Each structure stands twice: as C-alpha cells, then as structure tokens.
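This is what each chain is made of:
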Amino acid sequence: MRLLRHLAADDFKQRLARGELPVRVGPYIYNVQSNLPSVVEGFAILYGDFQIAEPGEFVDYNVAIVHSGLLQRIRGKAKFLFDRRSPFDSIPAGQAYAFLEWGMNWCVSVHANEYLTLHAAAVSRGDRAIIMPGTPGAGKSTLCAALGLNGWRILSDEHALIRPDTAQIIPLCRPVSLKNESIEVIKSFSSEAIFGPVSKETHKGVVTHMKADLHADSHDTKPLRAKAMVFPRYARDEPQRLSPRRRTDSFILAAYHSFNYSLLCEAGFEAMKTLIENIDCFDLVYHDLNFALNAVNDLPDRHSGI
Amino acid sequence: MKTLRLKYTAFHNRRITWVQMETTLPVRTQTPSTEFALLRVTALPDYLRKVITVTKKWRIDSMGRFYNPAEDTVVYFDTRSGDTHLISDFAAYVMQQLDDQHLSTEELVNRISPAIGSSNIPELTMDVSRVLEELVALDILKCE
C-alpha cells in the first residue's frame, strides 16, 4: 500500500502537475491535477496519508485546478476542471486550495446517487457512528474537528453517504473545512491540529482545512451503522442543551439537508425512513465546545436504545 | 373578483349546495356536515334555475407512502408529485380511509367516528372538513 507521503517531493509535484496522481478517498478514486503552489502544498499536507490507487484502476472523479491560459496566469486566476470541463467561473489563484476541496465536494454532491447523501458531518467511536447535519454556520465542522482531535474518527465533514435500505454510513474521510472564527477556536482547542493553506476573501470568508485522517482506521472503507443523528447549532446567547427530537421532524429536516433526497424519489423516502427509524435524533445547542463534546461523548451511554 | 353566494334551494339530507358565479372565488361553508360544489353558472338571469345539488366526493389518485413512528405527526411521501409532507396523524388517518375509495365528508365522518370514539359529529365534521381542505391545498387530495 503506497501512500502519497511515500513519494519523493519532486515526484509528487510532477505527478500532480501531470494529473497522474489517483488517490483513494473513501469508496472513490480522485485523480487530481494542479501545478499551483498552494494546491501542491495543501495536497501534500492534508492528503499525505491517503493511498495512491493502482495504475489502471477506474477513476471516479478527474479534477484539476489550473491556470487555463497565459492570461489567467497573468491575472492571477485559476479554473476548477471536472473531466476537463469547467463547471464554475474562474477564481482567484489565492483561493485555489479551498476551491479544490469545494470542487471535490461538488463531485460527490452531484454524482453519488447510489447513496442517500446528507450535507452532514459524520463521526464514529468504536462501531457507533453519529451523523451531524447542519446548515453552513451551524457549527458542525467545528464540532467535527474537535471530535476528531478528541479521539473520534472523522467519517466525513461534508457528506454522510447512507447506503439505501440500511442505516449504514460509508466513510468518506477528507479534510475538515473551517472558516473564520472557527479556525482560531480549533487552533486554541488543540495544538495537534494540522492545517492546509489559508484562502482569504472567499465567498465564505477566510477558509482553511484541517487534516482529518487522524485515526488509525480513518481510511477503512467498511460501512458503519449510524446510531444517532445530532443537529448541532451554535448559539452564543442561548442555554446549551442536548434534547431529543421527534423522528418525523428529524426526517423532514434531514431531507432538507440531503443533496439527493428529492432526486431519488421513492427510493429516497425509503432510505430516509430506514435511517430515521433505526437511530435516535437530538438537537444540540451549544456555545462551549467542551459542552458539545461531552454531550456527544455521553450520547451512546445515556441513551441505551442507541 | 367578488364572491357571490347565490340562493340555495336544496337543503335535504344535510347537504347544502352552494352555487357559484363565474369569476367568483370558492365559498366555504361554515355549517357542519355540509358540502359545497363549485359550479359555474354562465347565464346570470337564469341562475335560479341552474341551482343543482351536488355531493362532493374525495379521492386520492395515487396513495403515497407513510412514515408513522407513533408520534402525533406523520411523514407522507406523495408518489405522484414527489413532494414530502409533515402532516398530523389525524390527517394521515383520514387519508388512509380514502385508499382506493371515493367518499363524501359524511361517509368519512361515519367511518372515523366509531374508530376514534367521538360522538360529537358536528365537531368531528368540522375537523374532517378542515383537514380535507388542507389536503386539497397541498394537492394531495382531489374532489369530484
């Protein structure tokens, strides 16, 4: 098993520039191409422990982030390419790394319809997996990063892939996206956090990514059974609490957070039904990360049904 | 547009028929155990002769899927439209009575009343009527 960090620096850089670096990411293989310094640096830091796929293996997602011409280079712009086509407008080269990650998210959001996909972080401890859906700013990534730095395995920061007709989550471990205040929160929380390049003035503000494969089993692709769904919400001025949610309300909210619930039609309904009826659901309102960690840590034990 | 409530001539078997003018909005009856028909009368001078008694029946074209975990709400997936709705357990129960059947409000109430142990027919009729109107508004239910 050959990891990205086993490559010599020059070899890594050249293969990345040529687009000959297929990497296993959960159930998929991404082939990434870029010669932009921030992408080379970020990919080396954050994906060093990812496995290189064997030559000839099917590549699910061919992505690149490059200057598409001399003019773009002069203007300091870059383009994200998927299968050599550009689905988005060009972006400032200084935001290239963040855009690579967002582009890689987009690949899954748009194409991974063999699963019910939720916009959610997912973590596990032992054989217990917890899904944490949330709108941007709800604090799911911050909580996910803190849990990852506190012994939990990060299954995903962005996509909970649910195998239909089961309550199983397919791990898709990739770097955790942190933005604005949450970057300092996590830096203060743990000195062990490893960060990639910082992208400034993006449409989400200042963005960086944290290395997520901190657990011994981070790259294990075996599905894990979901035990609970926690809807985190960061609220500075509200009392902190963990409270049970009704399943029907949770169904509707989880469907809202799904990328493809509507697309899957009846299969989506059945997949969501199977998931929700096999897990317990909670609201988590927090402003103190330690409160949130304790709440999630205690979850399986306090609710023996999970 | 104005709503014009025309004179109704039929009042038998607890059915009141509302006849509605063209270019008017639907009129909703407030009387328990009544039904209304949305009929168009094109010739104004003749409207009195065109009053017709109609019993409205409710139907569901294609019964969707329910997720009912025994809470007071139920998730309903409309297989026809692809929409998902959070509805009350009472609304779900009313819908399930319509499975493959066309029933009037009165027939529905007669079915539901013993099942839920309610003898207050006027109140139950109001509740059922309200639920039916909401389900029509959500395009889950049709009337004929």
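So, how was this worked out
Residues numbered from 1 in each chain as written. Chains lettered and ligands numbered in written order. Predicted model: local features only at pLDDT ≥ 70, side-chain atom pairs only at ≥ 80, totals over all residues. Heavy atoms only, no water. Helix = DSSP H or I, 4+ residues; strand = E, 2+ residues; numbered from the N terminus. Contact = heavy atoms within 4.5 Å. Domains from an automatic or database assignment. Buried area = accessible area lost by both parts, 1.4 Å probe. Salt bridge = Lys/Arg side-chain N within 4 Å of Asp/Glu carboxyl O. Polar contact = N/O pair within 3.5 Å; in protein donor to acceptor, adjacent residues only side chain to side chain. Axes fitted to C-alpha atoms, helices over the stretch in contact; angles between N-to-C directions. Parallel < 35°, antiparallel > 145°, perpendicular 65-115°, else oblique. Left-handed = near helix turned anticlockwise from the far one by under 90°. Nonpolar A, V, L, I, M, F, W, Y, C, P; charged D, E, K, R; others polar. Disulfide = S-S within 2.5 Å. Buried < 20%, exposed > 50% of the residue type's maximum accessible area, 1.4 Å probe, protein only. Pairing = 2+ DSSP bridges. pLDDT = per-residue confidence, 0-100. Core = buried A, V, L, I, M, F, W, Y, C linked by side-chain atoms within 4.5 Å. Phe/Tyr/Trp six-rings, centres within 6.5 Å; stacked < 30°, edge-to-face > 60°.

Asker: Just give me the short version of the environment of S113 of chain B, but keep the residues and values in it.
Answerer: Residues and elements named next belong to chain B. With respect to the helices and strands, S113 occurs in helix 2 (residues 105–116). Separated by 15 residues in sequence, S113 and V128 have C-alpha atoms that sit 10 Å apart. If we skip the residues at most four places from it in the chain, S113 touches S118, I121 and L124.

Asker: So what's going on with the domain arrangement of chain A? Which residues, and what values?
Answerer: Often, the extent of an interface is quoted as the loss of accessible area upon association of its parts. All names here are of chain A. In terms of domains, chain A is made up of domain 1 (4–111) and domain 2 (116–174 + 212–297). Facing 14 residues of domain 1, the contacting portion of domain 2 comprises 12 residues. Taken together, both faces of the contact between domain 1 and domain 2 bury some 1,100 Å²; the carbon and sulfur share is 59%. As a salt-bridge pair, R174 and E101 come within 2.6 Å of each other at their nearest N and O atoms. Seen at the junction of domain 1 and domain 2, the total is six residue pairs in polar contact (both at pLDDT 80 or more). Sorting the residues of the side of domain 1 that touches domain 2 by element identifies strand 2 (28–33), helix 2 (37–47) and helix 4 (96–111) as the ones contributing at least two each.

Asker: Describe the packing of helix 1 (residues 89–97) of chain B against helix 2 of chain B, naming the residues involved and giving the relevant values.
Answerer: Residues and elements named next belong to chain B. Look at helix 1 against helix 2: their axes get within 10 Å of each other, and the N-to-C directions meet at 125°. Judged on the interaxial angle alone, helix 2 and helix 1 are oblique. The handedness of the crossing between helix 1 and helix 2 is right-handed. For the pair formed by helix 1 and helix 2, the contact residues are F90, Y93, V94 and Q97 on the first element and L108, R111, I112, A115 and I116 on the second. Residues of the contact of helix 1 with helix 2, tallied by class, amount to seven nonpolar, one polar and one charged.

Asker: Tell me about the state of the cysteines, and name the residues and values.
Answerer: According to the stated counting rule, one finds zero disulfides over all chains in the structure shown. Summary of cysteine pairing: C173 of chain A is not part of a disulfide, and the nearest cysteine sulfur, belonging to C144 of chain A, is at 8.5 Å.

Asker: Before we move on, can you summarise the pattern of salt bridges with the specific residues and values?
Answerer: Close approach of charged atoms allows side chains of opposite charge to pair. Residue and element names in this part refer to chain B. For the structure shown, the criterion picks out 20 salt bridges over all chains. Taking the shortest distance from any N to any O, the salt bridge between K57 and E107 comes out at 3.2 Å. Of this pair, K57 sits in strand 5 (residues 57–59) while E107 is found in helix 2, placing the two residues 50 residues apart along the sequence. For K57, a relative accessible area of 27% gives the class partly exposed.

Asker: An account of the sheet that holds strand 13 (residues 205–210) of chain A is needed here, citing residue identities and associated values.
Answerer: All names here are of chain A. Here we have three strands laid out as an open sheet, ordered 11-13-12, and antiparallel in their pairing. Each edge of the sheet is formed by a strand with only one pairing partner; in this case those strands are strand 11 (176–179) and strand 12 (199–202). In this sheet, adjacent strand axes meet at a mean angle of 35° when their direction is disregarded. Packed on one face of the sheet, helix 4 meets strand 11, strand 12 and strand 13 and runs near 65° to strand 13.

Asker: Can you lay out unusual backbone geometry for me, pointing to particular residues and giving the numbers?
Answerer: Residues and elements named next belong to chain A. Positive phi values are uncommon outside glycine, yet D83 reaches one of about 50°. By the secondary structure assignment, D83 is in the loop between strand 4 (77–82) and strand 5 (91–92). One non-glycine residue with positive phi stands out, namely E201, at about 55°. Residue position: E201 is located in strand 12.

Asker: With reference to specific residues and values, describe the confidence of the model for chain B.
Answerer: Residues and elements named next belong to chain B. Mean pLDDT over chain B works out to 70, with 62% of the residues at or above the 70 mark. Predicted confidence is poor over residues 1–53, with pLDDT under 50, and the contacts of this stretch with residues over four places away or in other chains come to 82 contacts. For this predicted complex, the interface confidence score (ipTM) comes to 0.87, while the overall pTM stands at 0.83.

Asker: Could you give an account of the nonpolar core, naming the residues involved and the relevant values?
Answerer: All names here are of chain A. Membership of the largest hydrophobic core comes to 40 residues, with the highest contact counts inside it found for Y30, F43 and V63. Contributions of two or more residues to this core are made by helix 1 (9–18), strand 1 (22–25), strand 2, helix 2, strand 3 (61–66), strand 4 and helix 4. The element best represented in this core is helix 4, accounting for nine residues. For this core, the domains that each give at least three residues are domain 1 (4–111) and domain 2 (116–174 + 212–297).

Asker: Tell me about the packing of aromatic side chains, and please be specific about residues and values.
Answerer: Residue and element names in this part refer to chain A. Within the structure shown, the criterion is met by 15 aromatic pairs over all chains. Seen from their ring centres, F80 and F88 are 5.8 Å apart, and the 40° between their planes marks the pair as tilted. Since its relative accessible area comes to 1%, F80 is described here as buried. Seen from their ring centres, F251 and F269 are 5.4 Å apart, and the 50° between their planes marks the pair as tilted. Taken as a pair, F251 in helix 7 (residues 247–256) and F269 in helix 9 (residues 266–277) lie far apart in primary sequence, 18 residues in all.

Asker: Summarise the sheet that holds strand 5 of chain B; cite the residues concerned and give the values.
Answerer: Residue and element names in this part refer to chain B. Ordered by their spatial adjacency, three strands build an open sheet running 9-5-10, and the pairing between neighbours is antiparallel. Each edge of the open sheet carries a strand with a single partner, namely strand 9 (103–104) and strand 10 (142–143). Direction of pairing for strand 5 relative to strand 9: antiparallel, over a ladder of two bridges. For W58, the partnering residue across the bridge sits in strand 9 and is L103.

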